[in-house]
Amino acid sequence: MKQQRNKKTQQQCCTYYAGAASRQKLLLCVALLSPLLGATGAAQAARPPMAKPATVTAAKTAGGAAKSDALPIVYSANFTTGEELFQLNKPEEAIPLFEQVLTEVQPNPAVYVYLGVAYYQIEDYQKSLDICLTGLSRADTDHKILAYNAGNSAYALANYSRADSCYTIALKADESFAPAYLNLANAKLKQDKLEAARENYVRFLELDSETPQREAIEALLALLDEEIERRAREKPELVILDDMDAPVEENLAEIIEESEAPALAVEPDRKSTRLN
């Protein structure tokens, strides 16, 4: 079951490149980078890493500032049991309990992270995305982690533009969040935005200089430089289009409004999540 859940699927990343050789080289580099996009094991290599809960000391506003008047975190029986099942890697059993938590008067804010990850683990990426966006509509949740996870779910759905937007929101919350730069770079590359992809790969290496994937990323950067130079020489109009780059949806309210995820009442927070 676990191997089935973690089975990876490769997707093409290029829309146009100079000949089959260039395309194959870039696809090979992206395949080598894939483990950085996976969750805990190599078998999940083709999917971005989700985030798992970590204890925080105080409730936060959407901007991350602590709130002195925050409501206490509630650990209901459903939440506690769901959390235990989640830690035992039993997402199918944890999901119904977390869904029950959402119906409680004062649901634990961490439930949005747990539930989003659980749906992601069973490969229901749309539900994972919807839950993350619902959590983002609240002021008491960890927006950095939820936006990051929403990006991963959108990426798994091949909605690279939405993934791009979500990773950008996560980076607004934490400009030093290295994994988001890597995933954003891959999302840019999937959209054939080579210059933007290059910038984000470079930023990732600056923040995580010891990454075991450094050699693979540097190889990809070399290929990107070659392709960018080729386009500038042979097809300058492609470079112009890449530089213009359509504006990314960075407004959280607009992204939530465009989704069909229902907005719930604002309540407290204390847990964040990053699944490595």
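All figures in this text were calculated on a predicted structure; none of them were measured in a lab.

Another point: the pattern of salt bridges. Using the criterion set out here, one finds 11 salt bridges in the structure. Its salt-bridge partner being Arg198, residue Asp225 comes within 2.5 Å of it at the nearest N-O pair. One end of the pair, Asp225, is in helix H11 (residues 214-234); the other, Arg198, is in helix H10 (residues 194-207), with 27 residues separating them in the sequence. On the basis of relative accessible area, Asp225 is assigned to the partly exposed category, the value being 31%. A relative accessible area of 28% places Arg198 in the partly exposed class. Between Arg230 and Glu227 there is a salt bridge, and its shortest N-O distance comes to 2.8 Å. One end of the pair is Arg230 and the other is Glu227, both in helix H11 and three residues apart, which spans about a single turn. When its relative accessible area of 4% is taken as the criterion, Glu227 is described as buried. Each of Asp192, Glu227, Arg230, Arg231, Arg233 and Glu234 takes part in salt bridges that share partners, so that together they form one network.

The share of residues in the protein chain with pLDDT of 70 or more is 59%, and the mean pLDDT across the chain is 73. Across the protein chain, element-level confidence peaks in helix H4 (residues 91-102) with a mean pLDDT of 97 and bottoms out in strand S2 (residues 271-274) with 40. Across residues 34-46, confidence stays below pLDDT 50; counting only partners more than four residues off in sequence or on other chains, it has 38 contacts. Ignoring residues within four places in sequence, the model shows residues 54-68, a span with pLDDT below 50, making 27 contacts including any to other chains.

This part is about the nonpolar core. Formed by 59 residues in total, the largest nonpolar core has its most connected members in Phe98 and Tyr201. It is helix H5 (residues 111-121) that contributes the most residues to this core, nine residues altogether. For Phe98, the residues in contact, after removing those within four places along its chain, are Phe79, Gly82, Glu83, Phe86, Val111, Tyr114 and Leu115.

A few words on the packing of aromatic side chains. Under the criterion given, the structure shown has nine aromatic pairs. Relative to Tyr114, the ring of Phe86 lies with its centre 4.9 Å away and its plane at 75°, an arrangement referred to as edge-to-face. Here Phe86, found in helix H3 (residues 77-87), pairs with Tyr114, found in helix H5; they are 28 residues apart in sequence, far enough to count as distant. Judged by its relative accessible area of 5%, Phe86 falls in the buried class.

The rules behind these values
- Residues numbered from 1 in each chain as written.
- Predicted model: local features only at pLDDT ≥ 70, side-chain atom pairs only at ≥ 80, totals over all residues.
- Heavy atoms only, no water.
- Salt bridge = Lys/Arg side-chain N within 4 Å of Asp/Glu carboxyl O.
- Helix = DSSP H or I, 4+ residues; strand = E, 2+ residues; numbered from the N terminus.
- Buried < 20%, exposed > 50% of the residue type's maximum accessible area, 1.4 Å probe, protein only.
- pLDDT = per-residue confidence, 0-100.
- Contact = heavy atoms within 4.5 Å.
- Core = buried A, V, L, I, M, F, W, Y, C linked by side-chain atoms within 4.5 Å.
- Phe/Tyr/Trp six-rings, centres within 6.5 Å; stacked < 30°, edge-to-face > 60°.

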